[in-house]
Amino acid sequence: MDNWEELESACKECKKCALNETRTNVVIGVGNRDSEVLFIGEGPGESEDLKGEPFVGRAGKLLDDMLQIIGLDRNRNIYIANIVKCRPPKNRDPSNEEREACSGWLNAQYALISPKIVVCLGRIAAEAIIGAGFKITRDHGKWHDINGVKTMALFHPAALLRDPNRRPETFVDLKELERVIKSECTRTL
Ligand code: URA
Ligand code: SF4
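Fair warning: this is a prediction, and the values are worked out from it, not measured in the lab.

Q: I'd like to hear about the site of ligand 2, residue by residue, with values.
A: Surrounding ligand 2, one finds Cys14, Lys16, Cys17, Leu19, Asn20, Arg23, Lys85, Cys86, Ala101, Cys102 and Trp105. Split into classes, the residues belonging to the shell around ligand 2 amount to seven nonpolar, one polar and three charged.

Laid out in structure tokens, this is it:
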């Protein structure tokens, strides 16, 4: 994939896995393509499937609030993508086969953005990007070097809606993210 136009037009037509049969829209990503910071979620839910944009439901509203605490904005200084681009029926976890089938699109986005910092949202993204042994309750907020890119995971905003007790830890993780963005990035904050 040499450019975004090529990526987006091909991804919109993708039938590499069975999720293409039940989707309304392919949810490719949102944000500034020149960002230094890439956020990666799990996959579209109902609202995202209908709108064609990541994180636009209730969890998305919380994500926007979390981002705002440290001066990030989906339309200005970050890019947000998902592990799978089509909604798994009834919001089940994407299967290994679906994650594998979809990985080429995220790899292409990763290559085009060439991020300085990657933030995984939740367990599914962290397992895919950081590694199968990742434990979100233990490893959230810690930095990992993934092919030379500083990578961390936050609790998924949907998990924070279910379990508000995790919010104080997430605040600490966000402040750590802000600190590293300020020291590593030149165009973000
Ligand atoms: N949850 C995700 O992981 N991604 C979205 O786009 C929406 C909800
Ligand atoms: Fe293609 Fe990914 Fe959608 Fe499957 S989930 S059809 S691999 S874009």
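Q: Could you give an account of the side chain of Glu42, with specific residues and numbers?
A: Tracing the chain through its elements places Glu42 in the loop between β2 (37-41) and α2 (46-51). With no salt bridge to any partner, buried Glu42 finds its closest opposite charge in Arg123, at an N-O distance of 6.4 Å. Once you skip the residues sitting within four places of it in the chain, Glu42 turns out to touch Asn82, Ile83, Val84, Arg92, Asp93, Pro94 and Ile124.

Q: Break down the environment of Leu161 for me, citing the residues and quoting the values.
A: Inspection of the secondary structure assignment puts Leu161 in helix α7 (residues 157-162). With relative accessibility at 25%, the residue Leu161 sits in the partly exposed group. In sequence terms Leu161 and Ala59 are 102 residues apart; their C-alpha atoms lie 7.2 Å from each other. Those residues within four positions of Leu161 in sequence are excluded, and the remaining contacts are Arg58, Ala59, Leu62 and Arg167.

Q: I'd like a rundown of helix α8 (residues 167-184), residues and numbers included.
A: With 18 residues, α8 extends 25 Å from end C-alpha to end C-alpha; this agrees with the ideal 26 Å at 1.5 Å per step. Regarding α8, the residues found buried are Thr170, Asp173, Leu174, Leu177, Glu178, Val180 and Ile181. Against the buried residues of α8 lie β2, α3 (58-69), β4 (117-121), β6 (149-154) and α7.

Q: Any chance you could break down the site of ligand 1 for me, citing the residues and the numbers?
A: Neighbouring residues of ligand 1: Gly41, Glu42, Gly43, Glu48, Pro54, Phe55, Asn82 and His156. Residues of the shell around ligand 1, tallied by class, amount to two nonpolar, four polar and two charged.

Q: Outline the pairing of β4, listing residues and values.
A: With five of its five residues buried, β4 lies for the most part within the structure. Here β4 shows a buried face lined by Ile117, Val119 and Leu121 and a second buried face lined by Val118 and Cys120. Both β4 and β6 contribute to a ladder of five bridges, which runs parallel. If you follow Leu121 over to β6, its bridge partner there is Leu154.

The rules we used
Residues numbered from 1 in each chain as written. Chains lettered and ligands numbered in written order. Predicted model: local features only at pLDDT ≥ 70, side-chain atom pairs only at ≥ 80, totals over all residues. Heavy atoms only, no water. Near = heavy atom within 4 Å. Nonpolar A, V, L, I, M, F, W, Y, C, P; charged D, E, K, R; others polar. Helix = DSSP H or I, 4+ residues; strand = E, 2+ residues; numbered from the N terminus. Buried < 20%, exposed > 50% of the residue type's maximum accessible area, 1.4 Å probe, protein only. Lys, Arg positive; Asp, Glu negative; His and termini not counted. Salt bridge = Lys/Arg side-chain N within 4 Å of Asp/Glu carboxyl O. Contact = heavy atoms within 4.5 Å. Expected span 1.5 Å × (residues − 1). Pairing = 2+ DSSP bridges.

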